[in-house]
Amino acid sequence: MRATPVRRAWPWLLGFGALLVLPLITSNAYHRYLLTIILINVILAVGLNIVKGFAGQVTVGHIALAAIGAYTSAALSAYYGVPFWLALPGAMLAAGLAGVMIGIPSFRLEGAYLALATLGLAESVRIYFSATDYFGASIGFGDIPPPFIGGYAINTHLSYYYLVMPLALAGIYFSFAILRSDIGRSFQALREDPLAASVSGINVRKYKLLAFLISALYAGCAGSLQAHLSPGFIHPNNYTIVEMVTLLLMVVLGGIGHIWGGIIGAVLVTIVYDLTRDYYQYQLAIFGMIIVLTVTYMPKGIGGIIDRLFAERRFNARRKASAEKSNAA
Amino acid sequence: MLLEVKGFSKQFGGLAAISNVDFSVKKGEIRGLIGPNGSGKSTLFNLISGVYTPDKGRISLDGEDISGLEPHEIARRGIARTFQLLRLFGQMTVLENLLVGHHAHIRYSAPAAIFGLPNVWAEETRVKDEMMDLLSFIGLADYAGMPAGELSGGQRRLLTIGRAIAMRPKILLLDEPAAGLSPVNVDNLLRLIVSLKERYGLTLVVIEHILKVVMDTCETVTVLEHGEKIAEGPPAKIKDDPRVVEAYLGKEMSDAEVQAFLKAS
Ligand SMILES: Nc1ncnc2c1ncn2[C@@H]1O[C@H](COP(=O)(O)OP(=O)(O)OP(=O)(O)O)[C@@H](O)[C@H]1O
Ligand SMILES: [Mg+2]
């Protein structure tokens, strides 16, 4: 079955339509705010899935890339009057560069060692922001202007949702496009066997960096969106190891490398994170434990369950078809 | 000469895995590479494909010096190989494994892929059709959508050969392609390898323990022992060479190998 342009487009249009009406179901401003946060986290999770899930690079530096995006965007717009529409690509560029630097250790390190190296880099980024007055140090960076369209400020929860939603949807679309292309296959090949990938003609280092770069662009975009979200305030505490573990949980719970799983993971974890906000001191322990339990007992996560359901349906359909064929014969 | 190796040497700690080996292969040839366990056959493949860098020696392909290049650069210049331990991408589908092999020939830019532009779909359709052809040829078309890790042992071995051929190489290095196959399957595999060679205009180097395979299929055989080349020539001459007989009847040889060798002679 060949996918025509129309057949390719309609699920996306349908999704877009559903997401257009979604925030109108509730008139509660907080719920609309939560929807926006969920979508920003979806961007983060989908991006992390590319480097971690597709390409198998165990990075714990993703949250620092979001921080770099957030602070770049904040400084550009608050200090230089750069409009959001330019600050956003600026933030993505800065995060992208940092992502490539975080990716360089992956040439020599794997698994837990790579995690440690990226964790070190990420923590130094956070400490840098929390110790630099220019970025508000430990007080935080405030008065970040909202995005403007002409004279209209995007500073309500509803309007901001409509800014974030198309970006999140585009991010999801791009990650599917990547996964189904030669780039996605190259990522998976280097995840499964870097040596076999390289003798198949894949420049393993180049593709590792590309994975880090692409996922960093997602992080930079999410960071910029966090910064300009009303009330326009960011703080180093938004980018700690707890946030990183939360982000990891989204991807792990969703099923590493599974795009839909990661999205569902982002939705669930953001809601749970929000509900347990009053128990901040326990979150790290609880989320860490859920990660361990998921990896041990449900290594394919929610994505694995989805795949099983679909595989079963396909299998049943095929069995029915072949039964009918043998009946006819 | 298509492939020309001059004076390759490789040490592991104190062990000379390959010492001063010359190895030249003509275009269109099927070369056999034999030798007892641990004689350095796989190491020679690893050196040729750039997986290991030699301590000494040079290599050229089609007249171009490719010494010191990285594995992916060597692959792109036309050397493909399989691994003794297969090294398939087990979680990827059978078709995807071939598509990875075809990586160097897929023509669209990274931005086009990320944006999912129509030229990407067109190219994907073209290469998928081409790879399905290859899959049919090696008899795995029915498994195209199955994860490679779920294939049987023999099918996995076939798939590694397919993945290497998907690279459209000038020369293909097969590391024990018949290992673990039943005699019937070995015969089928041999026929397939010869027909693949014809169809894709390949030059082949085949490492094989089953001597019958080498003796029946190859025009020239190179024999390694303790990392040194001890003989090279047509199979009929090789099997009477006293050094070869000694190497094979020496203490490294298992009962099965003796049987195989006697059957071949
Ligand atoms: N990466 C490595 N590190 C250390 N020693 C190695 C390495 N690779 C190979 N060797 C050693 O080099 C020697 C040659 O090994 P090689 O795998 O090339 O033999 P082979 O002829 O392919 O044997 P077999 O028939 O068992 O596959 C062996 O003694 C082996 O232990
Ligand atoms: Mg070997």
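In this text the structure is predicted, and so the values were computed from the model without any measurement.

## Observations regarding the layout of surface pockets
Residue and element names in this part refer to chain A.
Then, in step 1: Counted as a void, the second largest pocket has a volume near 710 Å³.
Then, in step 2: Lining the second largest pocket are 25 residues, and of these Tyr-33, Ile-37, Gln-226, Asn-238 and Arg-277 sit closest to its centre.
Then, in step 3: Residue assignment for the lining of the second largest pocket shows that the elements contributing at least two residues are α2 (29-54), α10 (241-254) and α11 (259-275).
Then, in step 4: A total of six residues in the lining of the second largest pocket trace back to one element, the largest contributor, which is α2.
Then, in step 5: Residues belonging to the lining of the second largest pocket are distributed by class as follows: 15 nonpolar, seven polar and three charged.

## Describing the sheet that holds strand β2 (residues 15-25) of chain B
Residue and element names in this part refer to chain B.
Then, in step 1: On the basis of which strands lie adjacent, the open sheet formed by four strands has the order β2-β1-β4-β5 and antiparallel pairing. Of all the strands in the sheet, just β2 and β5 (64-65) have a single pairing partner and so form its edges.
Then, in step 2: Both strand β1 (residues 3-12) and β2 contribute to a ladder of seven bridges, which runs antiparallel. Within the sheet, the bridge partner assigned to Glu-4 lies in β2 and is Ser-24.
Then, in step 3: Sitting on the sheet, helix α1 (residues 41-48) touches β1, β2 and β4 (56-61), and the angle it makes with β1 is about 115°.

## Points about the side chain of Glu243(A)
Residue and element names in this part refer to chain A.
Then, in step 1: By the secondary structure assignment, Glu-243 is in helix α10.
Then, in step 2: Of the side chains with opposite charge, Arg-277 comes closest to the buried, unpaired Glu-243, at an N-O distance of 6.6 Å.
Then, in step 3: A distance of 2.6 Å separates the side chain of Glu-243 from the side chain of Tyr-273, its partner in a polar contact.
Then, in step 4: When sequence neighbours within four positions are dropped, the list of residues in contact with Glu-243 reads Ile-63, Asn-237, Asn-238, Tyr-273 and Tyr-280.

## A closer look at empty space enclosed by the protein
Residue and element names in this part refer to chain B.
Then, in step 1: According to the stated counting rule, one finds four cavities of 30 Å³ or more in the structure shown.
Then, in step 2: In terms of lining, the largest cavity is formed by 13 residues, of which the most central are Leu-47, Gly-50, Pro-54, Gly-68 and Ile-74.
Then, in step 3: Partitioned by chemical class, the residues of the lining of the largest cavity number nine nonpolar, four polar and no charged.
Then, in step 4: Counted as a void, the second largest cavity has a volume near 60 Å³.
Then, in step 5: Residue lining of the second largest cavity: 13 residues in total, with Leu-190, Ile-193, Val-206, Val-213 and Thr-217 positioned closest to the centre.
Then, in step 6: Counting residues per element, the ones that place at least two in the lining of the second largest cavity are α7 (183-200), β8 (203-207) and α8 (211-217).
Then, in step 7: Residues belonging to the lining of the second largest cavity are distributed by class as follows: eleven nonpolar, one polar and one charged.

## So, the coordination of the magnesium ion (ligand 2)
Where a metal carries four tetrahedral donors, each ideal angle is 109.5 degrees; where it carries six octahedral donors, the ideal angles are 90 or 180 degrees.
Residues and elements named next belong to chain B.
Then, in step 1: The magnesium ion (ligand 2) binds to the protein through Ser-42 (OG) and Gln-84 (OE1), with metal-donor distances spanning 2.0 to 2.2 Å. Here Gln-84 lies in the loop between β6 (79-81) and α3 (94-101) and Ser-42 lies in helix α1, a separation of 42 residues in the sequence.
Then, in step 2: Given a relative accessible area of 33%, Gln-84 falls into the partly exposed group.

## Some remarks on the site of ligand 1
Residues and elements named next belong to chain B.
Then, in step 1: The environment of ligand 1 is formed by 15 residues, the closest being Gly-38, Lys-41, Ser-42, Thr-43 and Gln-84.
Then, in step 2: A distance of 2.5 Å separates an oxygen atom of ligand 1 from a polar atom in the side chain of Thr-43.
Then, in step 3: In the model, a nitrogen atom of ligand 1 is placed 3.0 Å from a nitrogen or oxygen of the Tyr-52 side chain.
Then, in step 4: The protein chains hide 65% of the 630 Å² of surface that ligand 1 would expose on its own.
Then, in step 5: Among the elements of the structure, β2 and α1 are those that each provide at least two residues to the shell around ligand 1.
Then, in step 6: When residues in the shell around ligand 1 are grouped by element, the largest group, three residues, is from α1.
Then, in step 7: A breakdown of the residues in the shell around ligand 1 according to their chemical character gives five nonpolar, eight polar and two charged.

## Concerning the domain arrangement of chain B
Residues and elements named next belong to chain B.
Then, in step 1: Each assigned domain of chain B is listed here: domain 1 (1-78 + 169-234) and domain 2 (93-168).
Then, in step 2: Taking only C-alpha atoms, the centre of domain 1 and the centre of domain 2 are 25 Å apart.
Then, in step 3: Across the interface of domain 1 and domain 2, roughly 1,400 Å² is buried in total on both sides, 74% from carbon and sulfur atoms.
Then, in step 4: Connecting domain 1 to domain 2 are three residue pairs in polar contact (both at pLDDT 80 or more).
Then, in step 5: At the level of elements, α2 (71-77), β7 (171-175) and α7 are the ones that each hand at least two residues to the side of domain 1 that touches domain 2.
Then, in step 6: With six residues, the single largest contributor to the side of domain 1 that touches domain 2 is α7.
Then, in step 7: Of the residues in the side of domain 1 that touches domain 2, the class split is twelve nonpolar, one polar and five charged.

## Some words on the packing of helix α4 (residues 84-103) of chain A against helix α9 (residues 204-228) of chain A
Residue and element names in this part refer to chain A.
Then, in step 1: Contact geometry of α4 with α9 gives a least axis separation of 7 Å together with a crossing angle of 140°. As judged from the angle between their axes, α4 and α9 are oblique. Here α4 and α9 pass one another in a crossing that is right-handed. Seen from α4, the contacting residues are Phe-84, Ala-87, Leu-88, Ala-91, Met-92, Ala-95, Gly-96, Gly-99, Val-100, Ile-102 and Gly-103; seen from α9, they are Leu-209, Phe-212, Leu-213, Ala-216, Leu-217, Gly-220, Cys-221, Ser-224, Leu-225 and His-228.
Then, in step 2: Broken down by class, the residue content of the contact of α4 with α9 amounts to 15 nonpolar, six polar and no charged.

## Considerations on α2(A)
All names here are of chain A.
Then, in step 1: The terminal C-alpha atoms of α2, which comprises 26 residues, lie 36 Å apart, in line with the 38 Å expected from a rise of 1.5 Å per residue.
Then, in step 2: Taken as a whole, α2 carries its principal kink of about 30° at Leu-48.
Then, in step 3: A large share of α2 lies buried, amounting to 21 of its 26 residues.
Then, in step 4: The backbone nitrogen of Tyr-30 lies 2.7 Å from a side-chain oxygen of the residue at the head of α2, namely Asn-28.
Then, in step 5: Just downstream of α2 lies Gly-56, where phi reads positive at about 70°.

Definitions and cut-offs
- Residues numbered from 1 in each chain as written.
- Chains lettered and ligands numbered in written order.
- Predicted model: local features only at pLDDT ≥ 70, side-chain atom pairs only at ≥ 80, totals over all residues.
- Heavy atoms only, no water.
- 1 Å grid on protein atoms, 1.4 Å probe; cavity = no way out; pocket = protein on both sides within 12 Å on 5 of 7 lines; lining within 4 Å.
- Points joined across faces, edges and corners; volume = space filled by probe spheres on them.
- Helix = DSSP H or I, 4+ residues; strand = E, 2+ residues; numbered from the N terminus.
- Nonpolar A, V, L, I, M, F, W, Y, C, P; charged D, E, K, R; others polar.
- Pairing = 2+ DSSP bridges.
- Contact = heavy atoms within 4.5 Å.
- Axes fitted to C-alpha atoms, helices over the stretch in contact; angles between N-to-C directions.
- Buried < 20%, exposed > 50% of the residue type's maximum accessible area, 1.4 Å probe, protein only.
- Lys, Arg positive; Asp, Glu negative; His and termini not counted.
- Salt bridge = Lys/Arg side-chain N within 4 Å of Asp/Glu carboxyl O.
- Polar contact = N/O pair within 3.5 Å; in protein donor to acceptor, adjacent residues only side chain to side chain.
- Donors = N, O, S within 2.8 Å, 3.2 Å for Na, K, Ca; no water.
- Near = heavy atom within 4 Å.
- Areas by Shrake-Rupley, 256 points an atom, 1.4 Å probe, with all protein chains shown as cover.
- Domains from an automatic or database assignment.
- Buried area = accessible area lost by both parts, 1.4 Å probe.
- Parallel < 35°, antiparallel > 145°, perpendicular 65-115°, else oblique.
- Left-handed = near helix turned anticlockwise from the far one by under 90°.
- Expected span 1.5 Å × (residues − 1).
- Bend = angle between axes of the 7 residues up to and from the residue.

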